[in-house]
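# Structure assessment
What follows is the residue order along each chain.
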Amino acid sequence: MRSKVIINLLLVAIVVILAVAPLYIMKDAEFGGADAEAEKAITKIKADYEPWFSPIFEPKSGEVESLLFALQAAIGAGIIGYGFGYLRGRRRKQDEGAA
Amino acid sequence: MKKRTEMIIGIALMVVLMPTMASAMHIMEGFLPPVWCISWGVLCIPFVVLGLVSINRTARQNPRVKILLAMAGAFAFVLSALKIPSITGSCSHPTGVGLGAILFGPAAMTVLGLIVLLFQALLLAHGGLTTLGANAFSMAVAGPLVSYAVFVMVKKAKGPRWLAVFLAASLGNLMTYVITSFQLALAFPAEVGGFTVSLEKFMGIFAVTQIPLAISEGILTVLIFNAIVSYAKEELTHLSFFTKGGLNNAQ
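Residues numbered from 1 in each chain as written. Chains lettered and ligands numbered in written order. Predicted model: local features only at pLDDT ≥ 70, side-chain atom pairs only at ≥ 80, totals over all residues. Heavy atoms only, no water.

## Structural notes on helix H2 (residues 34-61) of chain B
All names here are of chain B.
- Spanning 28 residues, H2 covers 40 Å between terminal C-alpha atoms, matching the ideal 40 Å at 1.5 Å per step.
- The axis of H2 is deflected most strongly, by about 30 degrees, at Ile 45, and proline Pro 46 appears within four residues downstream.
- Of the positions making up H2, those classed as buried are Cys 37, Trp 40, Cys 44, Gly 51, Ser 54, Ile 55 and Thr 58.
- Buried residues in H2 make contact with helix H3 (66-79), helix H4 (97-104), helix H5 (106-123), helix H6 (132-156) and helix H7 (161-187). (Helix = DSSP H or I, 4+ residues; strand = E, 2+ residues; numbered from the N terminus. Expected span 1.5 Å × (residues − 1). Bend = angle between axes of the 7 residues up to and from the residue. Buried < 20%, exposed > 50% of the residue type's maximum accessible area, 1.4 Å probe, protein only. Contact = heavy atoms within 4.5 Å.)

Right under this line is the structure:
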């Protein structure tokens, strides 16, 4: 049981390192979106290409956008948390019933 | 004269592009010519129909697994909201579709992935409605298919469960962006060198950025999968996929 916890913590640490390390390795990079890079590539390949449709609704600023992204993550995390809470509670009840 | 038109085009592009520079990883709204938008969209339709049928059947046969279905969708929701820095100096996000594909099959995940993409296209100006078909094909059709196939193959080869889950999730993630590169290269072949040169370029942008994220997604999927296995054994045995002996034998 204990070794399982340690392994899980190590795995989480790897994920964190994978996300943080690039910030130190690529000190001068902008860390924009990969799709913005793709836009640049497209305009290089086909200079006269113009997007023929633009988003119907666009977040007014980076702040508003990050709000919506946070909301998306929060909704997802809430559902996952509810699910695990439910499953855990149910198992505990079964254990008590069996005892 | 030519200089002038060039400059006008340049300024026009700048004005059009500026607002959409917000970071995102799916194909941007309006950035795929209509022919391709329609073709990829049509390709997705059979998978969406299959997915709806499969979800309906699963939910009717075992109402109890619905909570797992919700959690698989939520996992994709969370992961695709996390934009993570990568070694190429740009950011991208995981897809989170591997988990659902392993649990419920690739078709079910097409529907869940489509919901995530719609949410992002409508509210976040991330991806787009016109490019929904293409993005759904890469993230909600090809990704889950690869995840499912890899999972089954590793299980067949009697590999350990964690390895099967890890490889399924990370290769599914990588495949999503390889397909995105293909889609862009098909639509925008370079004047010199054509399709292959463009493909190389887009692969460098999308797929390479995605490698560390694919590893992260693999690890996160293993973690949540293990948690589900230890708390929801009952539901898992209800999913026909596991009763075929795959998971239970590997315990």
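This is not the end of the story, as more comes after the structure.
## Points about the layout of surface pockets
- Space inside the largest pocket adds up to approximately 560 Å³.
- Looking at the largest pocket, it is lined by 20 residues, and the ones nearest its centre are Lys4(A), Asn8(A), Asn226(B), Ala227(B) and Ser230(B).
- For the lining of the largest pocket, the elements supplying multiple residues, two or more each, are helix H1 (2-25) of chain A together with H7 and helix H8 (194-231) of chain B.
- Considering every element that reaches the lining of the largest pocket, the biggest residue donor is H8(B), with 8 residues. (1 Å grid on protein atoms, 1.4 Å probe; cavity = no way out; pocket = protein on both sides within 12 Å on 5 of 7 lines; lining within 4 Å. Points joined across faces, edges and corners; volume = space filled by probe spheres on them.)

## What to know about the packing of H3(B) against H8(B)
Residue and element names in this part refer to chain B.
- It is the contact of H3 with H8, at a shortest axis distance of 12 Å, that shows an interaxial angle of 155 degrees. Here H3 is positioned roughly antiparallel relative to H8, judged by the angle of their axes. Once H3 is placed against H8, the crossing between them reads as right-handed. Across from Leu 68, Phe 75 and Leu 79 in H3, the residues of H8 making contact are Glu 217, Leu 220, Thr 221, Ile 224 and Ile 228.
- Looking at the contact of H3 with H8 residue by residue, the class counts come to 6 nonpolar, 1 polar and 1 charged. (Axes fitted to C-alpha atoms, helices over the stretch in contact; angles between N-to-C directions. Parallel < 35°, antiparallel > 145°, perpendicular 65-115°, else oblique. Left-handed = near helix turned anticlockwise from the far one by under 90°. Nonpolar A, V, L, I, M, F, W, Y, C, P; charged D, E, K, R; others polar.)

## Some remarks on the confidence of the model for chain B
Residue and element names in this part refer to chain B.
- Mean pLDDT over chain B stands at 86; residues scoring 70 or higher make up 86%.
- In the predicted structure, residues 15-24 sits below a pLDDT of 50 and forms 26 contacts with residues beyond four places in sequence or in another chain.
- In the model, residues 243-251 has pLDDT below 50 throughout and makes 12 contacts with residues more than four positions away in sequence or in other chains.
- Of the two predicted TM-score estimates for the complex, the pTM is 0.85 and the ipTM is 0.86. (pLDDT = per-residue confidence, 0-100.)

## Focus on the packing of H2(B) against H5(B)
All names here are of chain B.
- Remark: H2 packs on H5, axes separated minimally by 7 Å, with the N-to-C direction vectors making an angle of 105 degrees. It follows from the interaxial angle that H2 and H5 lie roughly perpendicular. In this structure, H2 contributes Phe 47, Val 48, Leu 50, Gly 51, Leu 52, Ser 54 and Ile 55 to the contact, and H5 contributes Ala 107, Ala 108, Thr 110, Val 111 and Leu 114.

## A closer look at the pattern of salt bridges
- Evaluated as defined, the whole model comprises 3 salt bridges over all chains.
- Measuring nitrogen to oxygen at the nearest pair gives 3.3 Å for the salt bridge that ties Lys83(B) to Glu65(A). With Lys83(B) in the loop between H3 and strand S1 (84-85) and Glu65(A) in helix H3 (residues 62-98), this pair bridges two chains.
- Take Lys83(B): its relative accessible area is 25%, and that puts it in the partly exposed class.
- Among the residues examined, Glu65(A) registers a relative accessible area of 11% and is labelled buried.
- Arg64(B) is the salt-bridge partner of Glu234(B), the closest N and O atoms lying 3.0 Å from each other. Of this pair, Glu234(B) sits in helix H9 (residues 233-238) while Arg64(B) is found in the loop between H2 and H3, placing the two residues 170 residues apart along the sequence.
- Overall, Glu234(B) belongs to the partly exposed group, its relative accessible area being 28%. (Salt bridge = Lys/Arg side-chain N within 4 Å of Asp/Glu carboxyl O.)

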